[in-house]
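# Architecture and fold: a report
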Amino acid sequence: MASGGDGGDRRQHPKDLRHLLKFCIEQTISEDAPGSSGVQEMTQERRQWLSEAFSSMTRDPIEDMKKCIRILIEDSDSSEELKQNALESLTDMCESIDLAQDFHKIGGYALLPHILQDQQQDIRWRAGEFMANLFQNNPYCQKAALETNLIPLLIDVIDNDPNEDPRVKALYAISCLTRGFPDAQKAFTTHDGFSVLMRAMESNIQRLKTKAAFLLRDFCIQELSNKDILCDMGMVEQLVGMLREEHSSFHEHLMGALLSVVTDHQRATQECARPEFELREILTERIAYLEGKEEFMEERHYAQDLLKICFTPENQEQIER
């Protein structure tokens, strides 16, 4: 694509050989003058551009990944900017599912603990983003991550990293690793993952709180037995307690998480209906408070659904027994 202004030929290189061939054909059609033989001497500028384009198409991505790994883990003289660029390049390359799998096959997962614990926070948060990119919708890489025992390392970042961005990205990586992968979900809960989510929701980092609530909701939707674990550890009481805090936009996600816990789970609904929790009063007041506030319409719907599910005559009768 040519850029305007200076008349220079600053086209971006095609993404693959098919796009390159298409580009060449289009250029031939557009530049052949009517009635001409179509044979013209190629300008030096055009020759250089095509040479660079062909070169970019024939580079070995595996070798490129190995170079990036060496920069990140072996070359102590690498500047922070060079390391960040190497990690960004790996992230871009591993958007391809096949290259993401190749990254593991060349031993790339040995890099992951190293960059998760890097001294620079810009490397640590990019590490979480890169790992999320590897795991997302990629069962091979999810399984490899589980075998490499990465979950405890990610949990440690979520709980203990001194900076906000690495914590948020590590939780994002956990979300991508566990989504649709029961073995990883089980490993996460085995490592007291629900307590990790609760601590995240109790933090003062809005993005972390929101992602934790979404992930808790996903765990309840994907596996009904997770709700038993949450009841056993007193999570229902903790979630209700958080609703007592000063109202904020986070409460929409909190309500959604609580609703996912109680849906189709009698024990959780009975927990919510315990008189000492005063959830009925909290929900009734919240519904009235949010009336007419369009930006909180979803939260109001959640509150109404919770009221209907938790405070049925059957639940009240069971509690009174």
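These notes cover the structure that comes with them. (Residues numbered from 1 in each chain as written. Predicted model: local features only at pLDDT ≥ 70, side-chain atom pairs only at ≥ 80, totals over all residues. Heavy atoms only, no water.)

### With respect to the side chain of Lys227
What counts is decided by this rule: A run of H or I in DSSP becomes a helix once it reaches four residues, and a run of E becomes a strand once it reaches two; helices and strands are each numbered from the N terminus. Exposure classes here rest on a 1.4 Å probe applied to the protein chains alone. A residue is buried below 20% of its type maximum, exposed above 50%, and partly exposed in between. Charge assignment in this entry is limited to Lys and Arg as positive and Asp and Glu as negative, and neither His nor the chain termini are counted. Salt-bridge detection follows one rule: a side-chain nitrogen of Lys or Arg within 4 Å of a carboxyl oxygen of Asp or Glu. Whenever two N or O atoms come within 3.5 Å, that pair is a polar contact, provided that in protein one can donate a hydrogen and the other can accept it, and provided that, for residues adjacent in sequence, both atoms are side-chain atoms. Only heavy atoms enter the contact rule, under which two residues are in contact if any of them lie within 4.5 Å.
Considering the arrangement of structural elements, one finds Lys227 in helix 14 (residues 225-232). Buried charge without a partner: Lys227 forms no salt bridge, and the closest opposite charge is Asp264, 5.7 Å away. At 2.5 Å, the side chain of Lys227 forms a polar contact with the backbone oxygen of Thr263. If sequence neighbours within four positions are ignored, Lys227 has contacts with Cys220, Ser260, Val261, Thr263 and His265.

### Regarding unusual backbone geometry
We note that Asn137 has phi near 55°; this positive angle belongs to a residue other than glycine. Despite not being glycine, Asp192 shows a phi value in the positive range, around 60°. Examined against the element boundaries, Asp192 turns out to sit in the loop between helix 11 (182-190) and helix 12 (193-201).

### Observations regarding helix 3 (residues 61-73)
In an α-helix, one full turn covers 3.6 residues, which means residues spaced three or four apart are oriented alike. Condition: In this scheme, a helix's expected span is set at 1.5 Å multiplied by one less than its residue total. The arc in question is the one traced by the directions running from the helix axis out to the C-beta atoms.
Look at helix 3: 18 Å from first C-alpha to last across 13 residues, which is about the 18 Å you get at 1.5 Å a residue. Within the span of helix 3, buried status applies to Ile62, Asp64, Met65, Cys68, Ile69 and Leu72. Down the axis of helix 3, the smallest arc covering the buried residues is 160°, so these residues share one side. Against the buried residues of helix 3 lie helix 4 (80-93), helix 5 (97-105) and helix 6 (111-116). With a side-chain oxygen positioned 2.9 Å from the backbone nitrogen of Ile62, the residue opening helix 3 is Asp60.

### Details of the packing of aromatic side chains
Using the following cut-off: Ring pairs shown here join Phe, Tyr and Trp side chains whose ring centres sit within 6.5 Å, with only the six-membered ring taken for Trp; geometry is labelled stacked below 30 degrees between planes, edge-to-face above 60, and tilted in between. Any Lys NZ or Arg CZ found within 6 Å of a ring centre and within 35 degrees of that ring's normal is scored as a charge over the ring.
Within the structure shown, the criterion is met by 4 aromatic pairs. Taken together, the aromatic side chains of Phe103, Tyr109 and Phe130 make up a single cluster linked through ring pairs. When the ring centre of Tyr140 is taken as origin, the NZ or CZ atom of Lys105, which lies over that ring, is 5.5 Å away. Sitting above the plane of the Tyr289 ring, Lys293 keeps its charged end 4.4 Å from the centroid.

Read these as layout, nothing more, since geometry by itself doesn't imply function.
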